[in-house]
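Fold and contact review
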Amino acid sequence: MIFSLMTDRLAGGGRKLLIASAVGASMGPAHADTIAPTADIEAQNITTVRAAFDKCRAGGNIFAGLLAPDVVWTIHGSGPVAGTYHGVEDFVEGASTPLISPLATPLVPRVHRIWADGDTVVIRFDGSATATSGAPYGNKFVWIFRMKNGAVVEAEAFLDLAAYYAAIENNEPRSQ
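From a predicted model like this one, the values you see are computed outputs, not experimental measurements.

**Remarks on the pairing of strand β6 (residues 151-159)**
Relative to β6, strand β1 (residues 67-75) is paired through five bridges, and the arrangement is parallel. Across the sheet, Val72 pairs through a bridge with Glu154, a residue of β6. Pairing of strand β5 (residues 136-148) with β6, which is carried by eight bridges, proceeds in the antiparallel orientation. Within β6, the residue paired with Lys148 across the bridge is Ala151. Linkage of β5 to β6, two consecutive antiparallel strands, is achieved through a turn of two residues, within which Asn149 is found at a positive phi near 55 degrees.

**Quick look at the pairing of β1**
Sheet faces and side chains relate simply in a regular strand, where the side chains alternate between the two faces. Relative to strand β2 (residues 83-86), β1 runs antiparallel, the two sharing four bridges. What sits directly across from Val72, in β2, is His86.

**Brief notes about the side chain of Ser96**
With respect to the element layout, Ser96 can be found in helix α2 (residues 88-100). Residue classification places Ser96 among the buried residues on the basis of a relative accessible area of 14%. Excluding anything up to four places from it in sequence, Ser96 contacts Phe63 and Phe91.

**Thoughts on the nonpolar core**
Counting 36 residues, the largest nonpolar core has Val49, Trp73, Ile75, Trp143, Phe145 and Tyr164 as its most contacted members. Mapped onto this core, the elements with two or more residues apiece are α1 (2-57), β1, α2, β4 (120-130), β5, β6 and α3 (161-169).

**As for the sheet that holds β1**
If you walk across this open sheet you meet the six strands as β2-β1-β6-β5-β4-β3, and the pairing is mixed. Two strands bound the open sheet, and with one partner strand each, they are β2 and β3 (108-117). Averaged over all neighbouring strand pairs, the angle between strand axes comes to 20 degrees, with direction disregarded. Against the sheet, α2 touches β1, β2 and β5, its axis set at about 50 degrees to β1. Along the sheet, α3 contacts β1, β5 and β6; its crossing angle with β5, the most-contacted strand, is approximately 120 degrees.

**Digging into the pattern of salt bridges**
Under the defined criterion, the tally for this structure stands at five salt bridges. Its salt-bridge partner being Arg124, residue Asp126 comes within 2.7 Å of it at the nearest N-O pair. Ionic contacts of the salt-bridge type, sharing partners, join the residues Arg110, Arg124, Asp126 and Lys140 into one network.

**Regarding unusual backbone geometry**
Here the phi dihedral of Asn149 falls at roughly 55 degrees; this positive angle occurs in a residue that is not glycine. Along the chain, Asn149 falls in the loop between β5 and β6.

**Quick look at α2**
Taking 1.5 Å of rise per residue, 13 residues should cover 18 Å, yet α2 covers just 16 Å from first to last C-alpha, more than 12% shy of that figure. In the structure, α2 departs most strongly from a straight axis at Gly94, where the bend amounts to approximately 30 degrees and where the proline Pro98 lies between one and four residues downstream. Among the residues making up α2, those that are buried are Phe91, Ala95, Ser96 and Leu99.

**Here we look at the packing of aromatic side chains**
Inspection of every chain in the model, using the stated rule, returns 14 aromatic pairs. The interplanar angle of 55 degrees and the centroid separation of 5.8 Å between the aromatic rings of Phe53 and Trp143 together place this pair among those described as tilted. Note that Phe53 is positioned in helix α1 and Trp143 in strand β5, a separation of 90 residues in sequence. Taken together, the aromatic side chains of Phe53, Phe63, Trp73, Tyr85, Phe91, Phe125, Phe141, Trp143 and Phe145 make up a single cluster linked through ring pairs.

Thresholds applied
Residues numbered from 1 in each chain as written. Predicted model: local features only at pLDDT ≥ 70, side-chain atom pairs only at ≥ 80, totals over all residues. Heavy atoms only, no water. Pairing = 2+ DSSP bridges. Helix = DSSP H or I, 4+ residues; strand = E, 2+ residues; numbered from the N terminus. Buried < 20%, exposed > 50% of the residue type's maximum accessible area, 1.4 Å probe, protein only. Contact = heavy atoms within 4.5 Å. Core = buried A, V, L, I, M, F, W, Y, C linked by side-chain atoms within 4.5 Å. Axes fitted to C-alpha atoms, helices over the stretch in contact; angles between N-to-C directions. Salt bridge = Lys/Arg side-chain N within 4 Å of Asp/Glu carboxyl O. Expected span 1.5 Å × (residues − 1). Bend = angle between axes of the 7 residues up to and from the residue. Phe/Tyr/Trp six-rings, centres within 6.5 Å; stacked < 30°, edge-to-face > 60°.

In structure tokens:
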């Protein structure tokens, strides 16, 4: 009798396993359908970001066509430039222009890696230029983008703010 109860329990467990397997198998194709679009979006976002950095290396504006007009850009850290900027104009005037004005040459990025996870893209790069004083300027950056329809709608920037402030404080802005 004990043997019979054990086999009934095992058979019941086997039925549960069979049912669970059938349910899991029926979910498989639906799950596969949701993976491909995410992978496509990730690949498209990486391509968009890489193209913006390639354009910048060739002398173009990295932000043109990359940022949504209402982008929210946060620079982490402390000091006058750290904070959150709302919109392209606010970001360019408050953070980008103060940095590029004391540079005699364009900031040239050297991309180390670009990662994507869903609508989020992370880029690790170094930037270098020559300041108006003739001194070299260099910095290390990590930018985290949330993208929508091929444009950056939210950005977080991590960089060496001491190097940023030194460039601003020790170099005259170039004439416009």
